[in-house]
Amino acid sequence: MTVEQIIFLVVAVVTLVAAIAVVTSRNLIHSALWLILTLFGVAVFYVLLDAGFFAVIQVIVYIGAIAILFIFASMLTRRVMQDTGPQSNSNWWLGALIALLLFGGIALVLISWQGFTTLAPILTGQSGQLSQLGLALVSPDQYVLPFELASVLLVAGMIGAIFVAGDKKQ
Amino acid sequence: MNFISDPVTFIGHWLGNLLLSWGVSQPVVTFILKFIAAGLVGTFGFALVIFTIWLERKLYGRIQDRLGPNRVGPWGILQTVPDIIKIFTKEYITPVGADKIVYNLAPILSVSAVLLTWAVIPFAPTIVGTEVNVGVLYLVAVGSIGALGIILAGWASNNKYSLLGAFRAVAQVVSYEVPMVLALLVPVLLGRSMGINSLVNAQSVWFIVLSPIAALIFFTSSMAETGRAPFDLLEAESELVAGYQTEYSGLKFGMFYVGEFLHAFTISALTATLFFGGWRGPWAEQIPLLGVVWFFIKSFIVYYVVVLIRISMPRLRIDQMLNFNWKFLTPLALTLLVVTAIVDKAFYTILPGLNLLDAAVPWVRAGVHLFMNLVIILITLQLLKSYRIKAVRVVAEPRPVAVAPEPPASVIS
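Residues numbered from 1 in each chain as written. Chains lettered and ligands numbered in written order. Predicted model: local features only at pLDDT ≥ 70, side-chain atom pairs only at ≥ 80, totals over all residues.

Here we take up the overall build of chain A. On a plain count of helices and strands, chain A comes out with 6 helices and 0 strands. In chain A, the succession of helices and strands from N to C terminus is α-α-α-α-α-α. The contacts of chain A with a sequence gap of at least 6 include a subset with a gap of at least 24, amounting to 48%. (Helix = DSSP H or I, 4+ residues; strand = E, 2+ residues; numbered from the N terminus. Contact = placed C-beta atoms within 7 Å.)

Okay, here's the thing in structure tokens:
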């Protein structure tokens, strides 16, 4: 076993345990912390796949922005929503069914996949990839439309948030 | 390559070959060497803090007309060592109702976020922890973990002052990240790379000459990220006891303390690396060890400015701080980014028609960028002058200081 495989296995176990703890933890802040650990695990996977850019973006966006937002929102609710009440509601069987179906679907797809036994191709031109990604995001025959749509969606969300939160001057 | 001019690479090669000759496989050798290097960089960071704490206390003392630490060692230089021993012997106090795990996790996160930054700082052309090709983004990512540490400390302490400090931390640290990232993009644009070492390599003319505004914005907003005066609202003594670290004692407080001082030096090192040419200097490429000397000379000059600002500035109010960020720094950084991008592209488009000498190209480019920066500064100053009149307004009518209150009717009757 190579060093990379050992790291992968350890990180995979940690990520899975943390992901389970996100939904089973009874304290909101602890849930958010487990979520951060899970997202870190995913970032490590990106590093193992030689995708350093995605790893760093994962940490910036998901841990630096979203997880901090979660924690900040639940900081306002210190004694609320913890240690009381059942952890599931009457629709738990529906959720379990959907989760099971999703798992089955992914497993079916993965069974017929050949990639488990083949080695990952060695990437060349590490520094060139970043500019390629940047060009792909703004070139008209590649991803400019989804990229711009996502930007418009984010701006719309931001304007909506400002409208909801802002003072309504008469 | 020899031992005198480049000891770190020399020892690295020697150790790697030694392990290989013992029959260890190549990936394991790489792993071991990286592991040792990580430990060395971390230890070096902590060792540096022992010195900078003394330096800062000494400067602090001298500016306030005191002697500063002067008992242990020559000029009191070893004062921090007994302080560390003392802090080791202190009792750990955990407040009632504190969230134990999160409470203990917060100082660790706070220190490790700062220490992680040192992994990508190049000390010399060959002495660098890891050459990451997205180094600049890495800095931003690591910075956000530090904010996490402060927020968790404030929340887990079960103390209203701590929580208020954490609220301020979110407002301050998260919002000052915006101009900082925008200012960081300017060196990326100018150096055509995101790797820190390639940015240093690109600075044949220092980036502070090309873009003084970006350097200032980066410096200011990273000062705010450290949470020290004049941006020390997170731990404002007169309002919040000690902010998010009120409940911490012993070594846990020590970790916040070390984290803060290390952060202050780290931002100086980053400013020196990104805007003052890092290890660049005479003969640095031939003798890498000399690069370390240049790097630390530049870093300590910037650090001196950081300490001077900390000592001599009063604390800002929270609304002033946020206004300064959102209404001044962020628009300025956005404008600068757009102007720099357009000017740089235009310069390289018309460059073939100019018939310049190859050696003169970086200097002409620097001149063009500097000119545009000066134009932006002039416009900004004009705008500030015209808005200042509006900003100064009367909040309330002046009223007499002491007037006896009207006694309630029940007393009179």
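This part takes up the overall build of chain B. Scanning chain B for helices and strands turns up 15 helices and 0 strands. Taking the contacts inside chain B whose residues are at least 6 apart along the sequence as the reference set, 75% of them involve residues at least 24 apart.

Bring the parts together and some accessible area is lost; that lost area is often taken as the interface size. The partner chain A presents 19 residues to the 21 residues of chain B that form the contact. Of the residues forming the side of chain B that touches chain A, the biggest block, 10 residues, is contributed by helix α5 (residues 135-156) of chain B. The class makeup of the residues in the side of chain B that touches chain A is 19 nonpolar, 2 polar and no charged. (Nonpolar A, V, L, I, M, F, W, Y, C, P; charged D, E, K, R; others polar.)

Per-residue pLDDT for chain A has a mean of 82; in total, 88% of the residues score no lower than 70. Element-level mean pLDDT values for chain A span from 75 in helix α5 (residues 126-138) of chain A up to 91 in helix α4 (residues 92-111) of chain A. (pLDDT = per-residue confidence, 0-100.)

Quick look at helix α2 (residues 28-48) of chain A now. Helix length check: α2 of chain A (21 residues) gives 30 Å between terminal C-alpha atoms against 30 Å at 1.5 Å per residue, within 8%. Of the positions making up α2 of chain A, those classed as buried are Ile29, Ala32, Leu33, Trp34, Leu35, Ile36, Thr38, Leu39, Phe40 and Ala43 of chain A. The inward-facing, buried residues of α2 of chain A abut α1 (3-24) and α3 (52-75) of chain A together with α4 (100-117) and α5 of chain B. Positive phi shows up at Asp50 of chain A, right after α2 of chain A, with a value of about 65°. (Expected span 1.5 Å × (residues − 1). Buried ≥ 20, exposed ≤ 12 C-beta atoms within 10 Å, placed from the backbone.)

This paragraph deals with the environment of Val144 of chain A. Tracing the sequence through the fold places Val144 of chain A in helix α6 (residues 144-165). Every residue in contact with Val144 of chain A, bar those within four places of it in the chain, is listed here: Leu137, Val138 and Ser139 of chain A.

Our next topic: the domain arrangement of chain B. All names here are of chain B. Domain boundaries in chain B define domain 1 (7-89) and domain 2 (95-386). Placing the centre of domain 1 and that of domain 2 at their C-alpha centroids yields a distance of 22 Å. Mapped onto the side of domain 1 that touches domain 2, the elements with two or more residues apiece are α1 (7-21), α2 (26-63) and α3 (80-88). Of the residues forming the side of domain 1 that touches domain 2, the biggest block, 13 residues, is contributed by α2. (Domains from an automatic or database assignment.)

Counting residues in each nonpolar core, the largest one holds 116 residues, and the members touching the most others are Tyr138, Ile150, Ile151, Leu152, Ala183 and Phe218 of chain B. In terms of residue count, the dominant contributor to this core is α5 of chain B (15 residues). If we ignore the near neighbours within four places in the chain, the residues touching Tyr138 of chain B are Val56 of chain A together with Val120 and Val132 of chain B. (Core = buried A, V, L, I, M, F, W, Y, C linked by C-beta atoms within 7 Å.)

Residue and element names in this part refer to chain B. The backbone of Trp75 sits at a positive phi, close to 55°, despite the residue not being glycine. With respect to the helices, strands and loops of the structure, Trp75 is situated in the loop between α2 and α3. Accessibility expressed as a C-beta count within 10 Å gives 13 for Trp75, which makes it partly exposed.

Residues and elements named next belong to chain B. One can describe the packing of α5 onto helix α6 (residues 160-191) by two numbers: an axis separation of 8 Å at closest approach and a directional angle of 175°. In terms of their interaxial angle, α5 and α6 are classed as roughly antiparallel. Of the residues in α6, those in contact with Val136, Val140, Gly143, Ser144, Ala147, Ile150, Ile151, Ala153, Gly154 and Trp155 of α5 are Ser162, Leu163, Gly165, Ala166, Ala169, Val170, Val173, Val174, Glu177, Val181, Leu184 and Val188. Split by residue class, the contact of α5 with α6 holds 16 nonpolar, 5 polar and 1 charged. (Axes fitted to C-alpha atoms, helices over the stretch in contact; angles between N-to-C directions. Parallel < 35°, antiparallel > 145°, perpendicular 65-115°, else oblique.)

Between its terminal C-alpha atoms α6 of chain B stretches 46 Å, which fits the 46 Å expected from 32 residues at 1.5 Å a residue. Along α6 of chain B, the sharpest kink reaches roughly 25°, centred on Val178 of chain B and followed within four residues by the proline Pro179 of chain B. (Bend = angle between axes of the 7 residues up to and from the residue.)

Residue and element names in this part refer to chain B. Between α4 and α5, the shortest axis-to-axis distance is 8 Å and the interhelical angle comes to 160°. When the axes of α4 and α5 are compared, the pair comes out roughly antiparallel. Taken as a pair, α4 and α5 cross one another with a handedness that is left-handed. The segment α4 lies against α5, with Val102, Tyr103, Leu105, Ala106, Pro107, Leu109, Ser110, Ala113, Val114, Leu116 and Thr117 engaging Leu139, Val142, Gly143, Ile145, Gly146, Leu148, Gly149, Ile150, Leu152, Ala153, Trp155 and Ala156. Looking at the contact of α4 with α5, its residues break down into 18 nonpolar, 5 polar and no charged. (Left-handed = near helix turned anticlockwise from the far one by under 90°.)

Residues and elements named next belong to chain B. Here chain B shows a mean pLDDT of 83. Residues at 70 or above account for 96%. By mean pLDDT, helix α15 (residues 409-412) is the weakest element of chain B at 69, and helix α9 (residues 212-226) is the strongest at 89. Among the scores for the predicted complex, ipTM is 0.73 and pTM is 0.83.

Let us now look at the environment of Asp141 of chain A. Among the secondary structure elements, Asp141 of chain A is positioned in the loop between α5 and α6. Taking the number of C-beta atoms within 10 Å as the measure of exposure, Asp141 of chain A has 6 and is therefore exposed.

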